[in-house]
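# A closer look at the structure
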Amino acid sequence: MEQLYMTKRLILKHLDETSAPYVLSFYQENQKLFEPWEPAHPARFYTLNYQMTLLAAERNLASRSQAIRYFLFEKQNPNKIIGTVNFYHMLRSPNSSCKLGYKLASGVWHQGYAYEAISFLLPIVFHSYRLHRIEAEVMPTNQRSIRLIKRLGFTYEGIARQSCEINGCFEDHCRFSLLKSECLLS
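Residues numbered from 1 in each chain as written. Predicted model: local features only at pLDDT ≥ 70, side-chain atom pairs only at ≥ 80, totals over all residues. Heavy atoms only, no water.

## Focus: the overall build of the protein
Helices and strands together make up the secondary structure of the protein, namely five helices and eight strands. Secondary structure elements of the protein, listed N to C terminal, follow the sequence β-β-α-α-α-β-β-β-α-β-α-β-β. In terms of overall dimensions, the protein is globule-like: its C-alpha atoms have a radius of gyration of 16 Å, near the 16 Å expected for 186 residues. Along the first, second and third principal axes, the C-alpha atoms of the protein reach 40 × 35 × 35 Å. Once local pairs closer than 6 in sequence are excluded, the contacts in the protein between residues at least 24 apart make up 62%. Entry remark: accessible area of the protein is about 10000 Å², with carbon and sulfur atoms responsible for 51%. In the protein, 22 side chains carry a positive charge and 16 a negative one; their mean positions are 4 Å apart. (Helix = DSSP H or I, 4+ residues; strand = E, 2+ residues; numbered from the N terminus. Rg over C-alpha atoms; globule rule 2.2 N^0.38 Å. Contact = heavy atoms within 4.5 Å. Areas by Shrake-Rupley, 256 points an atom, 1.4 Å probe, with all protein chains shown as cover. Lys, Arg positive; Asp, Glu negative; His and termini not counted. Charge placed at Lys NZ, Arg CZ, Asp CG, Glu CD.)

## What about the layout of surface pockets?
When its volume is computed, the largest pocket comes out at roughly 1700 Å³. W37, E38, G101, Y102 and K103 are the residues nearest the centre of the largest pocket, which is lined by 50 residues in total. Ranked by residue count, the leading element in the lining of the largest pocket is strand β5 (residues 97-104), at six residues. (1 Å grid on protein atoms, 1.4 Å probe; cavity = no way out; pocket = protein on both sides within 12 Å on 5 of 7 lines; lining within 4 Å. Points joined across faces, edges and corners; volume = space filled by probe spheres on them.)

## Remarks on the environment of Q31
On the secondary structure map, Q31 appears in helix α2 (residues 31-34). Between the C-alpha atoms of Q31 and A105, which are 74 residues apart in sequence, the distance is 9.8 Å.

## With respect to unusual backbone geometry
P94 follows S93 through a cis peptide bond whose omega is 15°. If you check the backbone angles, H89 has positive phi at about 50° while not being a glycine. Along the polypeptide, H89 turns up in strand β4 (residues 77-91). With a relative accessible area of 52%, H89 lands in the exposed category. A positive phi angle is found at S96, which is not glycine, with a value near 45°. Secondary-structure assignment places S96 in the loop between β4 and β5. Judged by relative accessible area, which is 15%, S96 ranks as buried. (Buried < 20%, exposed > 50% of the residue type's maximum accessible area, 1.4 Å probe, protein only.)

## Topic: empty space enclosed by the protein
Considering all chains together, one arrives at one cavity of 30 Å³ or more under this definition. Its volume calculated, the largest cavity comes out at about 30 Å³. Lining the largest cavity, in full, are Y27, N30, Q31, F34, E35, E38, H41, F45 and Y46. Broken down by class, the residue content of the lining of the largest cavity amounts to four nonpolar, three polar and two charged. (Nonpolar A, V, L, I, M, F, W, Y, C, P; charged D, E, K, R; others polar.)

## Let's talk about the environment of C169
With respect to the helices and strands, the residue C169 is situated in strand β8 (residues 169-179). Since its relative accessible area comes to 43%, C169 is described here as partly exposed. The spacing of C169 and P39 is 130 residues in sequence and 8.9 Å in space, taken between C-alpha atoms.

## Things to note about helix α1 (residues 20-29)
The set of residues buried in α1 consists of A20, V23, L24, F26 and Y27. Projected onto a plane normal to the axis of α1, the buried residues spread over an arc of 160° and lie on a single side. (Arc of directions from axis to C-beta.)

In structure tokens form, the structure reads like this:
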């Protein structure tokens, strides 16, 4: 799978350890925004060494076709990360599935960037990894993400009760799925 893609307004890149300073800045700048929606991070998460280690681990997972994370950059500002799209927990046959995660800096919300990046990547990921199904789990209170997932063509399947630990508490998540045959851009 390619390490770099371009959409109309974005650069989508899989990064290695040399990009850790950019990744660290992205997480530090958006820490308060992201933390209510994510599992608790260790204190060292916001260090250069931790981000280098994490990027090395992600590179290893990508080389084994188990996960791939793309960092999003505006073409007009190619040195500042504005978001990520992550395909993870990739399972081979008989499941042939994975999960989708994404996050975007609040300064670029309501510009269609998440939709642009994810809708571009979905058919590529379905094809490249020979997947049948992609799942997305969203907290019921995250109405913006629910609207985005529905706009991308995902189908609501129900509540995954206490499916993920967020800030020390197991939280319910709405489970959505998209089948390859339903992907509008396949």
